[in-house]
Amino acid sequence: MALNALPLLARHTVAVMNADLGLSRKCLVLDLDNTLWGGVIGEDGLAGIKLGNGVDGQAFVAFQEYVLKLKNKGVILAVCSKNNYADAIQPFEKHPDMRLKLEDIALFIANWEPKPDNIRRIARELNIGLDSLVFADDNPVEREAVHRFVPEVDVIPLPEDPSYYVRTLSEYLLFETSSLTVEDGQRTEQYRARAQYADLEQKSIGIEEFYDSLQMEAIVTPFNEVDLPRIAQLIGKTNQFNLTTRRHGLAQLEAFMKDPHYVHLALRMRDRFADHGLVSVMIAQLEGAVLDIDTWLMSCRVIGRTVEAAILKGLCLRAEELGCTSLQGSYIRTEKNAMVADVYGKHGFDLVGEEGGVSTWTYDLQGRGSIANKFIRVVEAQ
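Just so it is clear, the model here is predicted, and its values are computed rather than measured.

**Some words on the side chain of serine 326**
- Structurally, serine 326 can be placed in strand S10 (residues 326-332).
- The contact partners of serine 326, leaving out residues within four places of it in the chain, are Ala289, Val290, Leu291, Thr362, Tyr363, Asp364 and Leu365.

**So, a nonpolar patch on the surface**
- Taken together, Met1, Leu3, Leu6 and Leu9 make up a surface patch of nonpolar side chains, about 460 Å² in accessible area.
- Here methionine 1 shows up in the segment before helix H1 (6-20).

**Examining the environment of alanine 289**
- Within the secondary structure, alanine 289 sits in the loop between strand S8 (275-287) and strand S9 (290-298).
- In the structure, alanine 289 is positioned 46 residues away from leucine 243 in sequence and 22 Å away in space, judged by C-alpha atoms.
- The residues touching alanine 289, leaving out its near neighbours within four places in the chain, are Cys324, Thr325 and Ser326.

**Some details on H1**
- If you check H1, its first and last C-alpha atoms are 21 Å apart, about what 15 residues at 1.5 Å a residue would give, namely 21 Å.
- For H1, every residue scored as buried is listed here: Ala15, Asn18 and Ala19. Along the axis of H1, the buried positions cluster into a sector of 100 degrees, meaning they face one direction only.
- Along its buried surface, H1 packs onto helix H12 (228-237).

**Examining the side chain of serine 299**
- The residue serine 299 is located in the loop between S9 and helix H14 (307-321) in this model.
- Look at serine 299 and you get buried, because its relative accessible area is 6%.
- When sequence neighbours within four positions are dropped, the list of residues in contact with serine 299 reads Leu234 and Val279.

**Observations regarding the pairing of strand S3 (residues 107-111)**
- Burial analysis of S3 places five of its five residues in the buried class, the great majority of the element.
- In S3, alternate side chains face the same way, and those of Leu107, Ile109 and Asn111 on one face and Phe108 and Ala110 on the other are all buried.
- Note that strand S2 (residues 76-82) and S3 share five bridges and pair parallel. In the sheet register, serine 81 faces S3, and the bridge partner there is alanine 110.

**Observations concerning the packing of helix H6 (residues 115-126) against helix H7 (residues 140-149)**
- Running from N to C, H6 and H7 point in directions that differ by 60 degrees, and their axes come no closer than 9 Å. It follows from the interaxial angle that H6 and H7 lie oblique. For the crossing formed where H6 meets H7, the hand is right-handed. Of the residues in H7, those touching H6 at Lys115, Pro116, Ile119 and Arg120 are Glu142, Ala145, Val146 and Phe149.
- Of the residues that constitute the contact of H6 with H7, the class distribution is five nonpolar, no polar and three charged.

**Quick notes on the sheet that holds strand S5 (residues 154-157)**
- Strand order in this open sheet of five strands is S3-S2-S1-S4-S5, and the pairing throughout is parallel. Taken across any chain shown, the strands that pair with only one partner, and hence form the sheet edges, are S3 and S5. Strand-to-strand twist of the sheet, defined as the mean angle between neighbouring strand axes without regard to direction, takes the value 20 degrees.
- Against the sheet, H6 touches strand S1 (27-30), S2, S3 and strand S4 (133-137), its axis set at about 150 degrees to S2.

**Structural notes on the nonpolar core**
- By size, the foremost hydrophobic cluster in this structure holds 61 residues, and its most contacted members are Val29, Ile119, Leu126, Leu291, Trp296, Leu315 and Leu327.
- Ranked by residues supplied to this core, first place goes to H14 with seven residues.
- Those residues within four positions of isoleucine 119 in sequence are excluded, and the remaining contacts are Val29, Cys80, Leu130, Leu133, Phe135, Val146, Val150 and Val153.
- With 32 residues, the next largest nonpolar core counts Ile49, Val67, Met98 and Ala110 among its residues.

**Comments concerning the pairing of strand S12 (residues 358-364)**
- Burial along S12 is one-sided: the face carrying Ser359, Trp361 and Tyr363 is buried and the face carrying Val358, Thr360, Thr362 and Asp364 is not.
- Of the pairings in the sheet, the one linking S10 to S12 comprises seven bridges and is antiparallel in character. Its bridge partner lying in S12, leucine 327 is registered against tyrosine 363.
- Direction of pairing for strand S11 (residues 350-355) relative to S12: antiparallel, over a ladder of five bridges. Each residue of the ladder has a partner; that of glycine 353, found in S12, is threonine 360.

**Some words on H6**
- Its 12 residues give H6 an end-to-end C-alpha distance of 16 Å, which sits within 8% of 16 Å, the value for a rise of 1.5 Å per residue.
- Buried within H6 are the following residues: Lys115, Pro116, Asn118, Ile119, Ile122, Ala123 and Leu126. Taken around the axis of H6, the buried residues stretch over an arc of 165 degrees, which confines them to a single face.

Criteria and cut-off values
- Counting restarts for each chain: residues are numbered from 1 in the order of the written sequence.
- With pLDDT at 70 or above as the cut-off, local features in this predicted model cover only qualifying residues; side-chain atom pairs require 80 or more to be listed or tallied, and sums for whole chains, interfaces and linings still use all residues.
- Side-chain measures were taken over the full set of non-hydrogen atoms in the model, leaving aside hydrogen atoms and water.
- The secondary structure listing takes helices from DSSP runs of H or I that are at least 4 residues long and strands from runs of E that are at least 2 residues long, numbered from the N terminus.
- In what follows, a contact means two residues having at least one pair of non-hydrogen atoms within 4.5 Å.
- The patches described consist of residues with a relative accessible area above 30% and no salt bridge, like charges being joined within 9 Å and nonpolar side chains (Val, Leu, Ile, Met, Phe, Trp, Tyr) within 5 Å.
- In this description, accessible areas are obtained by the Shrake-Rupley approach with a 1.4 Å probe, and a residue is regarded as covered only by the protein chains that are shown.
- One side-chain nitrogen of Lys or Arg within 4 Å of one carboxyl oxygen of Asp or Glu is enough to make a salt bridge.
- Expected span of a helix: the number of residues minus one, times 1.5 Å.
- Only protein chains enter the accessibility calculation, which uses a 1.4 Å probe; a residue is then buried when its area is under 20% of its type maximum, exposed when over 50%, and partly exposed in between.
- The arc under discussion is defined with respect to the helix axis, by the directions toward the C-beta atoms.
- One bridge is not enough; two strands pair if DSSP finds at least two bridges between them.
- The axes are straight lines fitted to the C-alpha atoms, using for helices just the contacting stretch, and the angles between their N-to-C directions are given from 0 to 180°.
- Between 65 and 115 degrees an angle is taken as roughly perpendicular, under 35 as roughly parallel, over 145 as roughly antiparallel, and anywhere else as oblique.
- Less than a right angle of anticlockwise turn of the near helix away from the far helix marks a crossing as left-handed, whereas a clockwise turn marks it as right-handed.
- Side-chain classes are defined by residue name, with Ala, Val, Leu, Ile, Met, Phe, Trp, Tyr, Cys and Pro counting as nonpolar, Asp, Glu, Lys and Arg as charged, and the others, Gly among them, as polar.
- Nonpolar core, defined: a set of buried Ala, Val, Leu, Ile, Met, Phe, Trp, Tyr and Cys residues in which side-chain atoms within 4.5 Å join the residues together.

Spelled out as structure tokens, the structure:
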């Protein structure tokens, strides 16, 4: 290895380590005019924008192709543009040199609202943290507005020459991943479904009608070798719905699978809009008549769908098979997981102690029986 290559190797190695620790970014938010194509679609029209022909046109095509590669490895794509919506979607639908299509975009926002406000909306509707977003815009004024008013968002300083867009984005390393799974390639479809859920929820009379209308199904199984990379990926990057934020690598997960004192469950979910793949994980240790939950986490894209009740029900059934009389779990407070501070309490657990940001909960299986799962039908793996 040449010595002058070591800094580059070190940067990429640290980027992979960041991904393992859950510190990578999830979503690339893109401007349109002079970012995905040259010119202004609302003024220049479909035939007048620079895309495909000429040096600049080829540069924008190359940039779109690189963005598409990011999408194919699991980066969520969103659009945030000051534009009329009807104008903004024209190149995606009609321009022959567009590499990105509307189905590649998880959330498409084109209006005249301030971009910091729209970026907050993107985070809210995709149900991800602002610190999961990266913003790319050719306009330095818009970049500065986002940097100042939404400081959690990383801002890519695109250069004036579009020929350098690909290099600039490729040098941003927080989209790095430590592994690539089938679910990564399906992520855009899964997040696009969130907008459909939001529309359906608004039209539903009540929350129970909304849940029933989703026609949710789950498959709950012990860990297996095929799913281990996805399980390790979830454990490494999930921060919001994560009760303990303990990071277990592949070697430790394999050890759990071989140890009869551990119970491990993975949940896959689908509904009438999308197959979400493997979205929730539980690991618990058998200690006498108590099953103690070491790890419990869930992908943010299915939060609010009662998935937690489905996997808890699976854990209760396994505990009863083992002759356990109670479940025990801990919540370890972090900067990002406040949303699950009371998840045990909401499912009938009793608080037995709290100290130093750690709360301990217990559930009496003999007195209360299994936790109810009303809205998700659990089916057998095929």
